[in-house]
Structure formats: structure tokens, C-alpha cells
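An overview of the molecular structure
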Amino acid sequence: MIFFKRVPNPIHRERKTIFDNNDSERSFYLKHSFQIREDLTRLLSKIDYNILMLHYQMWESTPVKDIKLHKNNKMRINRLNNMRRRVSRELSKISQEEFKTANTLPGFTPEKLTEEEKRPLTPFQKDVRWLHAQLNALAITNAVPTLGIRDNRIGICACSTNRAIDLSKNPQRMFNAWQTLWIIYDVMIRSYRSESSVFQKHYPIIRVYNHGDDGYQDPIWLISHYSRSMHGKFKIDIDQFLEYFSEGLMDVQIFLERISFLAFLSSYRFEETLERFKKPLRSRLYEAIEKCDLEFDKYLTDQETNKSQKPQSNL
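Scoring rules and cut-offs
Residues numbered from 1 in each chain as written. Predicted model: local features only at pLDDT ≥ 70, side-chain atom pairs only at ≥ 80, totals over all residues. Heavy atoms only, no water. Axes fitted to C-alpha atoms, helices over the stretch in contact; angles between N-to-C directions. Helix = DSSP H or I, 4+ residues; strand = E, 2+ residues; numbered from the N terminus. Parallel < 35°, antiparallel > 145°, perpendicular 65-115°, else oblique. Contact = heavy atoms within 4.5 Å. Nonpolar A, V, L, I, M, F, W, Y, C, P; charged D, E, K, R; others polar. Phe/Tyr/Trp six-rings, centres within 6.5 Å; stacked < 30°, edge-to-face > 60°. Buried < 20%, exposed > 50% of the residue type's maximum accessible area, 1.4 Å probe, protein only. Salt bridge = Lys/Arg side-chain N within 4 Å of Asp/Glu carboxyl O. pLDDT = per-residue confidence, 0-100.

**Observations regarding the packing of helix α4 (residues 123-141) against helix α9 (residues 238-259)**
Two numbers describe how α4 lies on α9: the axes approach to 8 Å, and their chain directions differ by 110°. Relative to α9, the element α4 is oriented roughly perpendicular. Between α4 and α9, the contacting residues are Pro-123, Phe-124, Gln-125 and Asp-127 on the first element and Tyr-244, Gly-248, Asp-251, Val-252 and Phe-255 on the second. Residue composition of the contact of α4 with α9, by class: five nonpolar, two polar and two charged.

Spelled out as C-alpha cells, the structure:
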């Protein structure tokens, strides 16, 4: 008598993917899209295999003896090629829809947001709040005429940002925080629309108007003013700013990693924003982003190592 152990069929076993680690809407959408693409890719492989086998049969049957069979094989190859084109189009369409739709869906859950609200403020969040406090004080004293508060939000004209920085207690700190905040927000609003609302809550944005244009959201005004040293009162330290920018971006990366799923501000997402800057500064900003990427990779590796290490019991 033979005894055997029943095991699940590995072919039909349910496969776990990276999208199973999160319960957000974006994860469910990406998981569904991934399964469709996987099925279509398998179908594409089968079609390619059948086309290859038919070509092989035609090659084997040379010289042609059965014309009817030869025509049928050609007809099958044409049908399979048409089917292959349709499947390829469907795959590219799914990829395009995924790129458009995934970033608009929330990659976070209410539980994650509740956890984040209980955390203490990070250094960059403290600097952003200090920036708001400085501008609030200037708005109360009316030191900058175009600076005001509307709908509980601070607004300022682009031509007055340099004056506001000159009048602050620490101009370099204000410049660093303001410019870093605007560069990152400009990328966030393009790349992750659903996360941008959460980002604004934890890193409040300052409205900047361009002579009555309410929709002015271009972070270039700070660099353009101070690179020319218009008033001569304050000259920015670019090296210090780039160091601060890298640290601020790292701060935001860790924040996104905690609340969201697959939300990462990689260097290619900054291309459209940094295109406005001059080449020497643009290349140095990319260097700062790459430096942040390396530090963030190390941070993620350390996190995984800490999770994998089980606490040893004291015997």
C-alpha cells in the first residue's frame, strides 16, 4: 500500500505580490492591473510559441507537397499575428491607464494617517511651521504690503518674497525651508495628487501670487531673486541650501514611506520642475536628490534588517 501526502497544486496556487502588503485603493487597483497584465503576457507567450511552431512545420514541409495545408498554415499565422497585435495594444493601453489612474488613487489608509498624526514633528516640519510663524508676524506688522492672510492661509506676491526673507530673523533658514518646500510640493502635485492633500496638512503651503494671478505656483522666483542679489542685504549660501534640500527631501521620503504605498520621489519625477533652473544649479540639485536616494535606500535596508531580527529571549 502506498501512502502519500496531498499537497496543493503549484500551478494553480495563489501567488502573493507586493501589492498584498497594503489595503489602500491604489494597491487594489495595481494588483488587479498586474494580474491582467500577467494574463495577457502569458497569452502573448502562447501566441509566439504557436507562430514559431507553425513556421517550423512550414519549414519542415519544404518543398511544398500539400498546397492546401500550406495555405492553412499561412492563414493561421496571419490570424495569430493579428491576435498578437491586439494583445500588444491592450498591454500598452493598460500601462498608460495605470500611469494616469494609479497616482490619483489614495495610497494610504485612515489608520496610517491616524498613526502619523500622533507622531512628533520632524525637523523639516518644524522649519515649515517656523516659516509660517515668521510670515504671520510680518503680516500682522504690515512690513510687507503684499503679504496677507486669506481663508486662514498666508499669501504673498512673488515680487515681495525677497523682502520678506530679508526681514526675517534668520534669512538663510527661511530661504532654505521655503525653496525646499516649494520644489517638493511642485513635484508632489504632479506625481501624487492624492498624497499632496495629506502633504499640505503636514507641510503647510504658502500661496505665492504673480501680480494678481491666483494660480501662480512656480518655485523659481526665490532662486531668481537671490541669485541676482537684488537688494544686497542677504546672499544665499547655495552649498548650505543644497545640503538642507537633501535633508528635507529625506524627511518627506520617510513621511511618504510611512503613510503611503509605492509613493517615492525619484529623480525622474523632478525633471519638469528642475527644468526651470539654470544648468549649474539644476545639476547640483540632481546630485542632492541622488544623495538623498542613497540615504533613503540605506534607511529602508536598516528598517528591513530591524524587522527580520527577532528579539532574543533571556533565559
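**So, the packing of aromatic side chains**
Here the structure, examined in full by the defined rule, presents 12 aromatic pairs. Ring centres of Phe-124 and Tyr-244 lie 6.0 Å apart, and the angle between their planes is 75°; on these two criteria the pair is classed as edge-to-face. With Phe-124 in helix α4 and Tyr-244 in helix α9, this pair connects stretches of sequence that are 120 residues apart. Given the relative accessible area of 3%, Phe-124 is considered buried. An angle of 15° between the planes, with centres 5.4 Å apart, marks the rings of Phe-264 and Phe-296 as stacked. In this pair, Phe-264 is assigned in the loop between α9 and α10 (271-274) and Phe-296 in helix α11 (residues 279-308), connecting sequence segments 32 residues apart. What makes Phe-264 partly exposed here is its relative accessible area of 27%.

**Digging into the pattern of salt bridges**
By the definition in use, this model includes 14 salt bridges. Here Asp-239 and Arg-284 are joined by a salt bridge, their closest N and O atoms 2.3 Å apart. Of this pair, Asp-239 sits in helix α9 while Arg-284 sits in helix α11, placing them 45 residues apart in sequence. We classify Asp-239 as partly exposed; its relative accessible area is 47%.

**A few points about the confidence of the model for the protein chain**
Looking at the protein chain as a whole, its pLDDT mean stands at 80, while 83% of the residues score no less than 70. Across the protein chain, the element-wise mean pLDDT spans from 53 in helix α8 (residues 220-227) up to 91 in α9. Low confidence marks residues 212-217, where pLDDT is under 50. Its contacts with residues over four positions away, or in another chain, come to 11 contacts. Here residues 225-232 scores under 50 on pLDDT; set against residues more than four positions off or in separate chains, the count is 19 contacts.

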